[in-house]
Amino acid sequence: MAEWQDVLRQAARLGVLQVHLSGGEPTVRRDLEEIVATAVEVGLYTNLITAGVLLTRARLEELAARGLDHVQLSIQDVQPANADRIAHYEGGHAKKRELARWVCELGLPLTINAPVHRQNLDRLPDIIDFAVEMGAGRLEVAHIQYYGWALANRAALMPTREQVRRSADIVESARERLKGILIIDFVVPDYYATWPKPCMGGWGRGIVNVTPSGKVLPCHAAETIPGLVFDNVRDKPLAEIWLRGQAFQQFRGTDWMIEPCRSCERREIDWGGCRCQAFAIAGDARAADPACVKSSRHAEMVALAEREAGAPPPPLVYRRPRKPASLAAAESP
Ligand code: SF4
Ligand code: FES
């Protein structure tokens, strides 16, 4: 715990303003309360990003008492059976509903995060209603980005272009209707985009990710890119890693860029898009993100999305075997 307290102090000194306690699942940590208390003490805004299935009311009350600022809860659907199937967690949706109620009863701000894809997108209006019913102030409707495990399930999750267009219309009209009640963030899927998003706000520009083992990453998926050297907070000060670490320097700014990014007028708008996606699709992390219409791989990426979305979805591939609710309850702290 002393190590984490030190890292949080270093982060605050470095100018970090917010800490997002994420995972995996952060509530499996027995020392989460102390981590939150230290972050609060050093002046960091604390956001707990959770699947919500392991938290008890008593523990949430304790976290609130230690000064937790915000809870972000992910949901997979609003139909319990489909939500539990996608999450691979029996009884999970009921637990999430309960947690959302507790969060609001304790007066904590709540964001609902809804990753959307072809297996839940048709219920987007119900997902929006659910967020309002749960008392959330913000809803993130986030089309899946296909890195890591989502990449392995891409064919099962890829929506059609028409589904994506409809989802944008639904979000637009809900934003209008729910002004002052619910803020809706909308993340479009890269595969149907014209321009890429500035992934991570630009590599090494504003986000530093520290893993449970102390490894410091410029992006949660950065380890998928070969050749990067990740320093550890156990070996070096966080400021030194942030300012001079090889992994951070590799794609920081614009010097690393090759064409078409190098001479592109958008290079300081999207910073070349996503390095992890460039490597996953184009095989070169310096290449333009294939989501970009200027990328030589863009047409191929769109064709791939259309082909996968047009075929019947294959079964989902899960990371872990299904966990029954009874076992999950027994594991709760
Ligand atoms: Fe962004 Fe590179 Fe595409 Fe220009 S060419 S829009 S910098 S990804
Ligand atoms: Fe790593 Fe986009 S996910 S840079």
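Quick notes on the rules
- Residues numbered from 1 in each chain as written.
- Chains lettered and ligands numbered in written order.
- Predicted model: local features only at pLDDT ≥ 70, side-chain atom pairs only at ≥ 80, totals over all residues.
- Heavy atoms only, no water.
- Helix = DSSP H or I, 4+ residues; strand = E, 2+ residues; numbered from the N terminus.
- Rg over C-alpha atoms; globule rule 2.2 N^0.38 Å.
- Buried < 20%, exposed > 50% of the residue type's maximum accessible area, 1.4 Å probe, protein only.
- Phe/Tyr/Trp six-rings, centres within 6.5 Å; stacked < 30°, edge-to-face > 60°.
- Near = heavy atom within 4 Å.
- Nonpolar A, V, L, I, M, F, W, Y, C, P; charged D, E, K, R; others polar.
- Pairing = 2+ DSSP bridges.
- Right-handed = clockwise from strand over helix to strand, strands pointing away.
- Axes fitted to C-alpha atoms, helices over the stretch in contact; angles between N-to-C directions.
- Parallel < 35°, antiparallel > 145°, perpendicular 65-115°, else oblique.
- Left-handed = near helix turned anticlockwise from the far one by under 90°.
- Contact = heavy atoms within 4.5 Å.
- Salt bridge = Lys/Arg side-chain N within 4 Å of Asp/Glu carboxyl O.
- Arc of directions from axis to C-beta.

Visitor: In this structure, what is going on with the overall build of the protein chain? I would like to understand it.
Guide: The helix and strand tally for the protein chain stands at 14 helices and eight strands. What you see for the protein chain is a C-alpha radius of gyration of 20 Å, in line with the 20 Å of a compact globule of 333 residues. For the protein chain, the spread of C-alpha atoms along the three principal axes comes to 55 × 50 × 40 Å. With 333 residues in all, the protein chain has 48% of them scored as buried.

Visitor: I would appreciate a short explanation of the packing of aromatic side chains in the present structure.
Guide: For any pair of aromatic rings, the description consists of the separation of the ring centres together with the inter-plane angle of the planes. Under the counting rule described, the total for this entry stands at four aromatic pairs. Aromatic pair Tyr146 and Tyr191: ring centres 5.5 Å apart, planes at 85 degrees, arrangement edge-to-face. Placement of the pair is Tyr146 in the loop between strand S5 (138–143) and helix H7 (148–152) and Tyr191 in the loop between strand S6 (183–187) and strand S7 (209–210), with a sequence separation of 45 residues. Each member of the pair, Tyr146 together with Tyr191, is buried. Their ring planes at 90 degrees and their centres at 5.2 Å tell us that Trp203 and Phe251 sit as a pair that is edge-to-face.

Visitor: Whenever I open this one, the site of ligand 1 confuses me. Can you help?
Guide: Taken together, Trp195, Pro196, Pro260, Cys261, Cys264, Arg266, Arg267, Asp270, Gly272, Cys292 and Lys294 make up all the residues around ligand 1. Classifying every residue of the shell around ligand 1 gives six nonpolar, one polar and four charged.

Visitor: Help me understand the pairing of strand S1 (residues 18–21), please; the structure alone is not making it clear to me.
Guide: Looking down a regular strand, the side chains alternate between one sheet face and the other. Judged by which residues are buried, S1 turns out to be one-sided: Val19 and Leu21 face inward and are buried, whereas Gln18 and His20, on the alternate face, are not. Taken together, the four bridges between S1 and strand S2 (residues 45–50) define a ladder with parallel strand orientation. Among the inter-strand pairings, Val19 is bridged to a residue of S2, identified as Thr46. Handedness of the β-α-β unit built from S1, helix H2 (residues 32–41) and S2 comes out right-handed.

Visitor: Explain the packing of helix H1 (residues 2–14) against H2 here, please?
Guide: The axes of two packed helices give the description: the angle between them and the distance between them. Between H1 and H2, the shortest axis-to-axis distance is 9 Å and the interhelical angle comes to 25 degrees. Overall, the two elements H1 and H2 adopt an arrangement that is roughly parallel. Judged by the sense of rotation from one axis to the other, the crossing of H1 with H2 is right-handed. Contact with H1, carried on its side by Trp4, Gln5, Leu8 and Arg9, involves Ile35, Thr38, Ala39 and Glu41 of H2 and no other residues of that element. Taken together, the residues of the contact of H1 with H2 break down into four nonpolar, two polar and two charged.

Visitor: Explain the pattern of salt bridges here, please?
Guide: In this structure the tally under the stated criterion is 27 salt bridges. With a closest N to O distance of 2.9 Å, Glu61 and Arg57 form a salt bridge. Highlighted residues: Glu61 and Arg57, both in helix H3 (residues 57–65), separated by four residues, approximately one helical turn. Owing to a relative accessible area of 27%, Arg57 belongs among the partly exposed residues under this scheme.

Visitor: In this structure, what is going on with helix H6 (residues 124–134)? I would like to understand it.
Guide: Structural remark: α-helix, 3.6 residues per turn; residues separated by three or four positions point the same way. Every buried residue belonging to H6 is among Leu124, Ile127, Ile128, Phe130, Ala131 and Met134, and all of these are buried. Projection of H6 onto a plane perpendicular to its axis shows the buried side chains occupying an angular sector of 155 degrees, all on one side. In this structure, the buried residues of H6 make contact with helix H5 (92–105), strand S4 (110–116), S5, helix H9 (161–177) and S6. Just beyond H6, the residue with positive phi is Gly135, at close to 85 degrees.

Visitor: For this particular structure, what's the right way to read the side chain of Gln10?
Guide: Here Gln10 is to be found in helix H1. Owing to a relative accessible area of 13%, Gln10 belongs among the buried residues under this scheme. Contact partners of Gln10, with chain neighbours within four places excluded, come to Pro237, Leu238 and Ala239.

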